[in-house]
Amino acid sequence: LPSIEPMIFFDFAPRVADRFDWIITCTSKLYQQAEVLFDTEDSKNVLINAEVGIEAAIATNLALVLSVKETFDNVPAEGREKDDLIVTTALKVSL
């Protein structure tokens, strides 16, 4: 039988990120978050995630949320686009 040597992979991606919350009133807030992930083996490969959203209470335990999220991959997988934009609306329930 052929000998099988174990293969060990180390995935290391430096990350820079931020998050900002602004409480506009006692019933509404604006938030923003972003992160950049770097590939240590290929300096041209960068992944960026960014999101901005607003949340407003419409009842004591119910809030409406609207957010926009952008994902950018400088070196996407074959057949994929470099960026993806997602617009989301949601009802948030606080229990």
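Preceding this paragraph is the structure being described.
What counts and how
- Residues numbered from 1 in each chain as written.
- Predicted model: local features only at pLDDT ≥ 70, side-chain atom pairs only at ≥ 80, totals over all residues.
- Heavy atoms only, no water.
- Pairing = 2+ DSSP bridges.
- Helix = DSSP H or I, 4+ residues; strand = E, 2+ residues; numbered from the N terminus.
- Axes fitted to C-alpha atoms, helices over the stretch in contact; angles between N-to-C directions.
- Salt bridge = Lys/Arg side-chain N within 4 Å of Asp/Glu carboxyl O.
- Buried < 20%, exposed > 50% of the residue type's maximum accessible area, 1.4 Å probe, protein only.
- Contact = heavy atoms within 4.5 Å.
- Patch = residues over 30% accessible without salt bridge, like charges linked within 9 Å, V, L, I, M, F, W, Y side chains within 5 Å.
- Areas by Shrake-Rupley, 256 points an atom, 1.4 Å probe, with all protein chains shown as cover.

Engineer: Before we move on, could you go through the sheet that holds strand β3 (residues 46-59) and cite the residues and values that matter?
Structural biologist: Spatial strand order, β1-β2-β3-β4-β5: five strands in an open sheet with antiparallel pairing. Each edge of the open sheet carries a strand with a single partner, namely β1 (15-25) and β5 (83-93). For this sheet, the mean inter-axis angle between neighbouring strands, taken without regard to orientation, is 10°. Sheet topology note: the β3/strand β4 (residues 62-73) ladder contains 12 bridges and is antiparallel. Pairing of Gly 53 across the sheet is with Ser 67, part of β4.

Engineer: I'd like a description of the pattern of salt bridges, backed by residues and values.
Structural biologist: Under the counting rule described, the total for this entry stands at three salt bridges. Residues Asp 21 and Arg 19 are paired through a salt bridge, measuring 3.2 Å at the closest nitrogen-oxygen approach. A relative accessible area of 46% places Arg 19 in the partly exposed class. Here Glu 55 ties to Lys 92 by a salt bridge, and the two come within 3.3 Å at their closest N and O atoms. In this pair, Glu 55 sits in strand β3 while Lys 92 sits in strand β5, placing the two residues 37 residues apart along the sequence. Overall, Lys 92 belongs to the partly exposed group, its relative accessible area being 37%.

Engineer: Quick rundown of the environment of Ser 67? Include the residues and the values.
Structural biologist: When you line up the elements, Ser 67 lands in strand β4. Relative accessible area serves as the criterion here: at 8%, Ser 67 is assigned to the buried category. In this structure, the C-alpha to C-alpha distance between Ser 67 and Gln 32, residues 35 residues apart in sequence, is 9.3 Å. In contact with Ser 67, other than residues within four places in its own chain, are Tyr 31, Glu 51, Val 52, Gly 53, Ile 86, Val 87 and Thr 88.

Engineer: Pulling in residues and values, what's your account of a nonpolar patch on the surface?
Structural biologist: Taken together, Phe 20, Trp 22, Ile 24, Val 52, Ile 54, Leu 66, Val 68, Leu 85 and Val 87 make up a surface patch of nonpolar side chains, about 800 Å² in accessible area. Of all the elements in the fold, those that place two or more residues in the nonpolar patch are β1, β3, β4 and β5.

Engineer: Let's hear about the pairing of β4: which residues, and what values?
Structural biologist: Looking along a regular strand, one sees side chains alternate from face to face of the sheet. Taken together, β3 and the strand that follows it, β4, pair antiparallel across an intervening segment of two residues. Taken together, the 11 bridges between β4 and β5 define a ladder with antiparallel strand orientation. Of the residues in β5, the one forming a bridge with Ala 63 is Lys 92.

Engineer: Tell me about the environment of Val 52, and please be specific about residues and values.
Structural biologist: Turning to its location among the elements, Val 52 is positioned in strand β3. When the C-alpha atoms of Val 52 and Gln 32 are compared, they prove to be 4.3 Å apart, with 20 residues separating the residues in sequence. Residues within four places of Val 52 in sequence aside, it is in contact with Leu 30, Tyr 31, Gln 32, Leu 66, Ser 67 and Val 68.

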